[in-house]
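Summary of structural features
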Amino acid sequence: MFRKDFAIFADIATLKGKKVLYYSELNYFVMFNENDIKLIEKKGIKLSTIEEQLSRFKNGFPYLKVVSAASIGNGIIKLNKTEETECIYTWEEFLLRGGSVEKFVPASGAASRMFKNMFAFLNADYDVPTTQFEKDYFAGIHNFAFFNALNNACTKHCGKDIDTLLAEGNYKEVVKMMLTADGLNYGNLPKGVLQFHKCCGEIHTAIEEHLEEGAQYASDKDKMVDIHFTVSPEHRELFKKVIEACGPKLEAKYGIKYNITMSEQKSSTDTIAVNKDNTPFRNSDGSLLFRPAGHGALIENLNERNADVVFIKNIDNVVPMSKRDITIRFKQIIGGYLILLQKAIAKYLTLIDSGNYTIEDLREIIHFVHDKLSIRYSETKFLDDSELAIYLRDKLNRPIRVCGVVKNDGEPGGGPFIAFNSDGSYSPQILESSQFSDESKGLMAEATHFNPVDLVCYIKDINGEKFNLPDYVDHNTGFISEKSKDGKELRALELPGLWNGSMSDWNTVFIEVPAETFNPVKTVNDLLRPMHQQ
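Parameters and conventions
Residues numbered from 1 in each chain as written. Predicted model: local features only at pLDDT ≥ 70, side-chain atom pairs only at ≥ 80, totals over all residues. Heavy atoms only, no water. Axes fitted to C-alpha atoms, helices over the stretch in contact; angles between N-to-C directions. Helix = DSSP H or I, 4+ residues; strand = E, 2+ residues; numbered from the N terminus. Left-handed = near helix turned anticlockwise from the far one by under 90°. Contact = heavy atoms within 4.5 Å. Salt bridge = Lys/Arg side-chain N within 4 Å of Asp/Glu carboxyl O. Phe/Tyr/Trp six-rings, centres within 6.5 Å; stacked < 30°, edge-to-face > 60°. Buried < 20%, exposed > 50% of the residue type's maximum accessible area, 1.4 Å probe, protein only. Lys NZ or Arg CZ within 6 Å of the ring centre and 35° of its normal.

Turning next to the packing of helix α13 (residues 325-354) against helix α15 (residues 385-396). Packing of α13 against α15 brings their axes to within 10 Å, and their N-to-C directions diverge by 145 degrees. For α13 against α15, the interelement crossing comes out left-handed. Seen from α13, the contacting residues are Ile 345, Tyr 348, Leu 349, Ile 352 and Asp 353; seen from α15, they are Ala 389, Leu 392, Arg 393 and Leu 396.

Here you go:
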């Protein structure tokens, strides 16, 4: 019916209701039936996008060409106290003059990975704490903010409190009450609604800590605090319930008003799953399997925000009020540094657009691009004045992000590096291990800092128009992972990460921030760390 060397791109609407033979780059035909087309259409995915995804499974993603690890003086800025004070002043002035700001908090998914160790204990063939993690959990159980709630659940469903159950050696019953729907159901709830901290006689969820943070550094001149959570559809009502309970109390405490919004990861960003031979994976009912494409898909949600400045911080990286001063200070510092950068960029872009610039002006801009944005391009010396102006305008006219980075102490996650861009220039990037070739993996060991997901972004141009953020994604920076479904192995496609490839073509600046600003809760026992205790 179709030549095998001919790639067919078709509009879904013209194929609806028909049985379709669709050719991809995989050197065989892929059959999509009427139900497949309906599902694809419902999700809002183009067939050409699916072809690209199938091609990725076959060909993989190219590795990035990495120049070096970023370090102090080489892509990472360490501010002195005078500079920090100037940044704080600049941030406060920005808010007082009517600048708009929003907190953007990725908060989708359940907290099941946070309790992986305790699920393992529940299913283990032994009944008493054996691993160090299990011993630490039970040794510190009275210090968890959720202790009273868990104790009440044990009393209600088991007829005995926690201490009695533990004295009897019934450890697993306590864990069951924490994880399952018979008790707190923490194994199935999102992190945002879990009781994280004790604070001044109160119990605070992660949501409440984010709301209070927003009141402390992101309140505009009208005393409005905008906060946006990305949530899973099944958790939206849980978030609303927590917000309705704590929002009015915090509004009264800080004399502010909240504008809290939520969005869900778009189904149009889901990616098709495949078998080990790269043919489309099908569920037991014969339907195609699509999977959420990782947090990189949230660039679409971020693209819908309307503020000038957006802070991005994960849902679990919060501390109680008594430990928060340093966090607030450095949020103001990186926010102020962003405003100083944006003002300088706006000045230079206005000059270039006027056409009334001299070669000395262009040299000044080159120094700014080199020294402040850490962008290098060896070919600039061969460009004439007009070509140089075009090059500089292109580099400046982009979304901006200032990223707090902390000294590397072995925490997992991406790190700050200097990497080549497609045009031959190189600039700061946040990279993950999957983006390194075997030959360049040695550079990872040279990293002095890592990325704690502490970002502040300017997402509008000098005319106040929003950048279209998907235009700045490097689609060559995703990765493929091995998963399973119903006992069958499959391959899954992850889109470029939100702060990795999805922001690859942004202007990026790294600023060293104290390790005390990074306090993620990756496991339940992290809540026993000093920074999470009152």
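A word on the environment of Ile 76. Mapped onto the elements of the fold, Ile 76 is located in strand β5 (residues 75-77). Distance from Ile 76 to Asp 474, taken between C-alpha atoms, is 22 Å for residues 398 residues apart in sequence. In this structure, Ile 76 is in contact with Ala 70, Ser 71, Val 405, Pro 416, His 449, Phe 510 and Glu 512, ignoring residues within four places of it in sequence.

One pass over the structure, following the stated rule, counts 34 salt bridges. A salt bridge links Glu 482 to Lys 276; its shortest N-O distance comes to 3.0 Å. One end of the pair, Glu 482, is in strand β19 (residues 479-485); the other, Lys 276, is in the loop between β11 (271-272) and β12 (290-291), with 206 residues separating them in the sequence. The partner of Asp 394 in a salt bridge is Arg 398, and the shortest N-O contact between them spans 2.8 Å.

A few words now on the packing of aromatic side chains. Summed over the entire model, instances satisfying the criterion amount to 18 aromatic pairs. Ring geometry for Tyr 377 versus Tyr 391: centroids 5.1 Å apart, planes at 25 degrees, classification stacked. Of this pair, Tyr 377 sits in the loop between α14 (359-371) and α15 while Tyr 391 sits in helix α15; the two residues are 14 residues apart in sequence, bridging distant segments of the chain. The two residues Tyr 377 and Tyr 391 agree in class, both being buried. Note that Lys 172 overlies the ring of Phe 121, its terminal NZ or CZ placed 5.7 Å from the centroid. A cation sits over an aromatic face here: Lys 488 above Phe 281, 4.7 Å from the ring centre.

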